[in-house]
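# Understanding the architecture of this molecule
So the chains spell out like this:
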Protein chains: 4
Amino acid sequence: MSPEVEPRESTPVVTPPRGRTARLVDRSSHPATVVRVGDVAVGEGCCIIAGPCSVESEAQILETAAAVKAAGADLLRGGAFKPRTSPYDFQGLGLEGLKLLRQAGRETGLPVVTEVVDPRDLTWVCEYADVLQIGARNMQNFSLRKEVGRCRKPVLLKRGMHSTLEEWLLCAEYVLAEGNGDVILCERGIRTFERYTRNTLDLSAVAAARERTHLPVLVDPTHGTGRPSLILPMSLAGIAAGAHGLLVEVHRRPEEALSDADQALTPAQFAELAARVRALVSYMEEQGSAEGGRP
Amino acid sequence: MSPEVEPRESTPVVTPPRGRTARLVDRSSHPATVVRVGDVAVGEGCCIIAGPCSVESEAQILETAAAVKAAGADLLRGGAFKPRTSPYDFQGLGLEGLKLLRQAGRETGLPVVTEVVDPRDLTWVCEYADVLQIGARNMQNFSLRKEVGRCRKPVLLKRGMHSTLEEWLLCAEYVLAEGNGDVILCERGIRTFERYTRNTLDLSAVAAARERTHLPVLVDPTHGTGRPSLILPMSLAGIAAGAHGLLVEVHRRPEEALSDADQALTPAQFAELAARVRALVSYMEEQGSAEGGRP
Amino acid sequence: MSPEVEPRESTPVVTPPRGRTARLVDRSSHPATVVRVGDVAVGEGCCIIAGPCSVESEAQILETAAAVKAAGADLLRGGAFKPRTSPYDFQGLGLEGLKLLRQAGRETGLPVVTEVVDPRDLTWVCEYADVLQIGARNMQNFSLRKEVGRCRKPVLLKRGMHSTLEEWLLCAEYVLAEGNGDVILCERGIRTFERYTRNTLDLSAVAAARERTHLPVLVDPTHGTGRPSLILPMSLAGIAAGAHGLLVEVHRRPEEALSDADQALTPAQFAELAARVRALVSYMEEQGSAEGGRP
Amino acid sequence: MSPEVEPRESTPVVTPPRGRTARLVDRSSHPATVVRVGDVAVGEGCCIIAGPCSVESEAQILETAAAVKAAGADLLRGGAFKPRTSPYDFQGLGLEGLKLLRQAGRETGLPVVTEVVDPRDLTWVCEYADVLQIGARNMQNFSLRKEVGRCRKPVLLKRGMHSTLEEWLLCAEYVLAEGNGDVILCERGIRTFERYTRNTLDLSAVAAARERTHLPVLVDPTHGTGRPSLILPMSLAGIAAGAHGLLVEVHRRPEEALSDADQALTPAQFAELAARVRALVSYMEEQGSAEGGRP
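Every chain is numbered on its own, with residues counted from 1 as its sequence reads. In the order they appear in the text, chains get letters beginning with A and ligands get numbers beginning with 1. For this predicted model, a pLDDT threshold of at least 70 governs which residues receive local features, and a threshold of 80 or more governs which side-chain atom pairs are given and counted, while totals over whole chains, interfaces and linings are taken from all residues. As a rule here, side-chain values come from all non-hydrogen atoms in the structure, and water together with hydrogens is ignored.

## Section: the overall build of chain A
Per the convention used, a helix needs a DSSP run of H or I reaching at least four residues, while a strand needs a run of E reaching at least two, with both numbered from the N terminus. In terms of helices and strands, chain A carries 9 helices and 10 strands. We compute the radius of gyration over the C-alpha atoms and compare it with the globule rule, which gives 2.2 Å times the number of residues raised to the power 0.38. Computed over its C-alpha atoms, the radius of gyration of chain A comes to 18 Å, within 12% of the 19 Å expected for a compact globule of 295 residues. Expressed along its principal axes, the backbone C-alpha trace of chain A runs to roughly 50 × 50 × 40 Å. Summary of the burial criterion: residues with accessible area below 20% of their type's maximum are buried, those above 50% are exposed, and those between are partly exposed, where the area comes from a 1.4 Å probe applied to protein chains only. For chain A, buried positions account for 69% of its 295 residues. Contact definition: two residues touch when any of their heavy atoms are within 4.5 Å. For chain A, contacts bridging at least 24 residues in sequence account for 69% of all contacts bridging at least 6.

This is how it looks when you write it as structure tokens:
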């Protein structure tokens, strides 16, 4: 047995705070949560997170970061550990990727978001990242969701492509139950029979999450559609459905990307999207409809 | 053999107009289609169709029609022939329902939309209705889609709950190939594993249909969600995704409805929805974004 | 209005025979149904229905019929009216196809099964066919299901690719409620995200239908998988799950078929399949397990 | 940063052994794999794995183990770390559960299978378990699949409820690429719209996996159906489709189980199932059809 790590004892069953009818995640349990990341308040107005699927090189991440900053992004995203379907695909730069992402964040002044895929990585990912992302494939990773619940970093929790709304909320409940209340939900498409889009972006889950929980809800139209031409209309639709912001893949030169090359926006496309989205948010706030039209 | 009806000979294979690469339904085949129904131009601005799931009585349809007219609906809907899952559920008033719907249309000045479920009914449904609806369950009804293609009435074609975008467009192609170019598409939700909503409203199919075809595209947020609380946000989201309008169930007293009682809006809820939707459409048109953000 | 056809009045709501808790389709309502087609008893032992997707020519249907007869098929199938996704695909030979199918049935002594897609065709389809098939795309065709309920011919009711078990049974209930008790159910695959197979053959629906209803249940492994290499194992699995027989596409030369060319079996492959299936049925009957293992 | 654990460097991209066209997992790469666990050869004949969902107490696991041993099980299963949808549900006994499972294995002579949910647990799980199970929710757990690839223990890899056949095989490829060739696949149902069964057991994936890979393939009819009455027919169907064995939940008193109480078999039901399955396997082997009927 490994000498420096103790066997895990049984995980004690957490007692629900006020019975199952009022879970921590429920809207009735808490006023609207605003997650603060540096100067950004996720849950107020509109938060736009942008950046490449993967950190690939110093030039790639620095140029892309500068471009999304100029276009008005609030946070920078980039993957260092990439869960890929095939073991023979690019798996990310690892620690080197984290350092480059941190550098790009420092140079642009943008807080950074990156995915964590292994609980053993948490210590040093927390050193470099401002927000910990749990990806759709890892939403059901039980040890990971518990561990991020013990961190003092905000968590961006993507909905699994096969998860019901209820399972998604219960996954957030795990994080909250461990003591970390800074959870941001993100809808990114579910798996259906439709083949024109990569997934089916489920915006009714956004509207439903808004009525069920006090946590902020974002939309990822990139993975949700897999088609650049659909990202702008689905971003606007996401905002109209009540989302608190977007997570969008942007690459300085999408055709050269090492992963998801066919779905990233160019910086110019992203700048137009950000302007259109900001304008819609302003309009909706004027309408007193910042809450997406819910009564 | 029935003396007055001739056996159908084989259906000759229609020759694709310009090869399979340019079908009648494709965006490249035709300028944007505007379907005219009375004074209403479906495909320009925003068309709102409202009314009860079923015509139930004279008082019910007349009151509801007056209410949706007052709230700004463009067309009146109401079912006379109801395809129901169980044979023991209310199946609609039939011919009597058509007459009441026609009367309500006349009194309010609203053109009327009603579902046709059997090709044998077409002759008299055409006498009473301004728009023929093919419901989601009948999208795959091949004889029905061909017969409406031979009518001189606009057709509202709902997407089947299990149909891909491509199959939906090919269904419209059948109608167009028979000579009827006045087809309005309507997304109403697909069947997935999610159980919080009755179906999963697929707004990316709306945005995708907008880029693939010249036909107008509506959204039905009532069947798409099955929850009154989600109808307003999903209506706004549908407009933002590029829809040319909405199809919404409204009942003077939803709790008394003989079908779909738990998902219809009250007249007051509908009035708020119509106002909010009209305002969003005005905003988007000012933005030069009436096309929902597509380039 | 067409002079020779009267408008349909409202369809009266059928009163459930003994309350909703004991529908005609329920297992508790009736002893196990055996549907007799000529000398064949569907619901006893194992019924194998085989033949081409479409009747294409006299030589094609006669040769294929002779081959499946020699290999031990009980019934001959062949489509004369083909519901196709695209209007530019082969739509079937119509009345000529029905006559050729009848001729092939007469020459081989096999009763024939063919799909009906339009209630207006029923009169003459009933003249030529021994069993009326309602296809998966038409399971939700409400006028068709009611009309076949008024015929004196057995009905083969395929499960819709998007239908729950409950909806499938309620569709059969429509036929039974109209007075036709000779309904044979047939599972043919549902639509899921899996792309290796054309559909996902749902054999648990076969086992579940066996415990819920007294009607016979068949399996269609051809459409269920779309891959010839999977038809034999899935046929054996279907029998083991409790199916009363199979519906298999066979073509004298599959590569020349005008529809579904890539999934039909050759006569030689079918002969092997029929022998293997018959042997398994004998084994299971010896085991006293003709009911597929249910207690 | 934690002093005793080094940051992970980037994961080097593994070079595919002979190009992407011949992956390690492909049937053409290797003769049929037989995984040896003690005296049991998984991939030859039929391997039956049985036991409770969770290890709950000494009496529960010892009694259940003795019962499944007497009924002819080859391996004993039992969960010590339970990934549960809600944090307020029973999470397993942890290390204590592993010890009890080991004890039950020793007393009955049955090798034991248990789920591992966290790569940090592997060291001591390997001390107690003979086979490491990766559950459906963790199929996409990338760090876990790589770590078990470095263990010298056989791995039972369940198909994710949302995974395509291709993704499942690529998950196995990760394990093989790390050097562990002892992988056993297990189909356990996918998520669809059907609500009568808990999942839809996809037996065509079993037949398809048999033709695509040299690895053994099992079926889990318990999670696949969620209904005890369907477990026997679906077990027989799985064997007929070509499965090399079963994974079945058995509890000495199902109604008292702390998890999945409504789907476990009693020892008596399991004894009947094992006898019926063994008899079918013998029959199929006599038929020269041990390969499930594939040509």
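## Observations regarding the interface of chain B and chain D
Contacts between the two partners involve 5 residues from chain B, matched on the other side by 5 residues from chain D. Joining two parts hides part of their accessible area as seen by a 1.4 Å probe, and the buried area is that hidden amount summed over both. Summed over both partners, the interface of chain B with chain D buries about 480 Å², with 54% contributed by carbon and sulfur atoms. Of all residues in chain B, R191, F193 and R195 of chain B bury the most surface against chain D, accounting for 85% of the area lost on that side. What counts as a salt bridge is simple: a side-chain nitrogen of Lys or Arg found within 4 Å of a carboxyl oxygen of Asp or Glu. For the interface between chain B and chain D, the tally reads 0 salt bridges. Counted as a polar contact is a pair of N or O atoms within 3.5 Å, where, for protein atoms, one must be capable of donating a hydrogen and the other of accepting one, and residues adjacent in sequence contribute only when both atoms are in side chains. Applying the counting rule to chain B against chain D returns 0 residue pairs in polar contact (both at pLDDT 80 or more).

## With respect to helix α5 (residues 165-177) of chain A
Residues and elements named next belong to chain A. The span expected for a helix works out to 1.5 Å for each residue beyond the first. The end-to-end C-alpha distance of α5 is 18 Å, a good match for the 18 Å that 13 residues give at a rise of 1.5 Å each. Taken across its 13 residues, α5 has 11 buried, putting it largely inside the fold. Listed as buried for α5 are L165, E167, W168, L169, L170, C171, A172, E173, Y174, V175 and L176. The positive-phi residue at the C-terminal boundary of α5 is G179, with phi of around 110 degrees.

## Considerations on the packing of helix α8 (residues 228-241) of chain A against helix α6 (residues 203-212) of chain B
In this description, a line fitted to the C-alpha atoms serves as the axis of each element, helices being fitted only across the stretch in contact, and the angle between N-to-C directions of two axes falls anywhere from 0 to 180 degrees. Two numbers describe how α8 of chain A lies on α6 of chain B: the axes approach to 10 Å, and their chain directions differ by 125 degrees. As judged from the angle between their axes, α8 of chain A and α6 of chain B are oblique. Between α8 of chain A and α6 of chain B lies a crossing whose hand is right-handed. Within the contact between the two elements, α8 of chain A uses S229, L230, P233 and M234 of chain A and α6 of chain B uses L203, S204, A207, A208 and E211 of chain B. Note that Gly is not counted as nonpolar here; it falls among the polar residues with everything else outside the nonpolar set of Ala, Val, Leu, Ile, Met, Phe, Trp, Tyr, Cys and Pro and the charged set of Asp, Glu, Lys and Arg. For the contact of α8 of chain A with α6 of chain B, a count of residues per class yields 6 nonpolar, 2 polar and 1 charged. Angles below 35 degrees are treated as roughly parallel, those above 145 as roughly antiparallel, those between 65 and 115 as roughly perpendicular, and all remaining angles as oblique. Rotating anticlockwise by less than a right angle from the far helix to the near helix defines a left-handed crossing, while the corresponding clockwise rotation defines a right-handed one.

## Re the confidence of the model for chain A
Close inspection of predicted coordinates is inappropriate in any region flagged by low pLDDT. Residue and element names in this part refer to chain A. Confidence of the predictor in every single residue is expressed as pLDDT, which spans 0 to 100. Residues with a pLDDT of 70 or more make up 90% of chain A, whose mean pLDDT is 90. When the criterion is pLDDT under 50, residues 1-19 qualifies, and its contacts beyond four places in sequence or with other chains add up to 37 contacts. In this model, residues 290-295 is a region of pLDDT below 50 whose contacts with residues beyond four sequence positions or in other chains number 22 contacts. Overall fold confidence for the complex sits at a pTM of 0.92, while the interface term, ipTM, reaches 0.92.

## A few points about the relation of the copies chain B and chain D
Least squares is the method for superposing the copies, and the C-alpha atoms it fits come from residues with pLDDT of at least 70 in both. Each copy of the sequence occupies a distinct position, and chain B is placed on chain D by a rotation of 180 degrees and an axial shift of 0.0 Å, giving an RMSD of 0.0 Å. Expressed as an axis order, the relation between the two copies is that of a two-fold axis. Closest approach to the rotation axis within chain B is made by the C-alpha atom of F193 of chain B, at a distance of 2.3 Å. By residue overlap, the copies meet face to face through one surface: 100% of the interface positions of chain B are interface positions in chain D.

## Considerations on the side chain of R159 of chain C
Mapped onto the elements, R159 of chain C comes out in the loop between β7 (155-158) and α5 (165-177). Here E194 of chain D takes part through its side chain, which lies 2.9 Å from a polar atom of the side chain of R159 of chain C.

## Details of the pattern of salt bridges
Enumeration over the complete set of coordinates arrives at 76 salt bridges over all chains. One salt bridge in this structure joins R23 of chain A and D26 of chain A, with 3.1 Å as the shortest N-O distance. Each member of the pair, R23 of chain A together with D26 of chain A, is buried. The partner of E147 of chain D in a salt bridge is R120 of chain A, and the shortest N-O contact between them spans 3.1 Å. In this pair, E147 of chain D sits in helix α4 (residues 142-149) while R120 of chain A sits in the loop between β5 (112-115) and α3 (122-128), so the two residues belong to two different chains. Residue R120 of chain A is classed as partly exposed on the basis of its relative accessible area of 23%. Counted as one network, the salt bridges with shared partners bring together D118 and R120 of chain A together with E147, R150 and E178 of chain D.

## Some words on the packing of aromatic side chains
Any Phe, Tyr or Trp ring, taking Trp's six-membered ring, that has another such ring centre within 6.5 Å forms a pair; planes under 30 degrees apart are called stacked, those over 60 apart edge-to-face, and the others tilted. Going through the model one piece at a time under the given rule, you end up with 6 aromatic pairs over all chains. For the pair Y283 of chain A and Y283 of chain B, a centre-to-centre distance of 4.3 Å together with 20 degrees between the ring planes defines the contact as stacked. Taken together, the residues Y283 of chain A in helix α9 (residues 267-286) and Y283 of chain B in helix α9 (residues 267-286) connect one chain to another. Comparing Y283 of chain A with Y283 of chain B shows no difference in burial state: the two are buried.

## A short note on the nonpolar core
Judged by nonpolar contacts, the single largest core of 162 residues is most densely connected at L185, L203 and F270 of chain C together with L185, L203 and F270 of chain D. The residues contacting L185 of chain D, other than those within four sequence positions of it, are L157, W168, L169, A172, A209, T213, L215, P216, V217 and L218 of chain D. Counting 157 residues, the second largest nonpolar core, distinct from the first, contains Y128, A208 and L280 of chain A together with L273 of chain B. As used here, the term nonpolar core means buried Ala, Val, Leu, Ile, Met, Phe, Trp, Tyr and Cys residues forming a set that is joined through side-chain atoms within 4.5 Å.

## With respect to the pairing of β7 of chain C
Residues and elements named next belong to chain C. Here β7 shows no split at all, with V155 and L157 on one side and L156 and K158 on the other all buried. Only when DSSP finds a minimum of two bridges between them are two strands counted as paired. Direction of pairing for strand β6 (residues 131-134) relative to β7: parallel, over a ladder of 3 bridges. Paired with I134 across the strands is L157, a residue of β7. Note on handedness: a clockwise path from strand one over the helix to strand two, with the strands aimed away from the viewer, defines a right-handed crossover. Note on the crossover from β6 through helix α4 (residues 142-149) to β7: the handedness is right-handed. With 4 bridges connecting them, β7 and strand β8 (residues 183-187) associate as parallel partners. Each residue of the ladder has a partner; that of L156, found in β8, is I184. The β-α-β motif built from β7, the intervening α5 and the parallel element β8 has right-handed crossover chirality.

## Section: the environment of T213 of chain C
Residues and elements named next belong to chain C. Relative to the helices and strands, T213 is located in the loop between α6 (203-212) and β9 (217-219). Separated by 59 residues in the primary sequence, T213 and P154 have C-alpha atoms spaced 17 Å apart. Residues contacting T213, with those up to four places away along its chain left out, are V25, D26, R27, L169 and L185.

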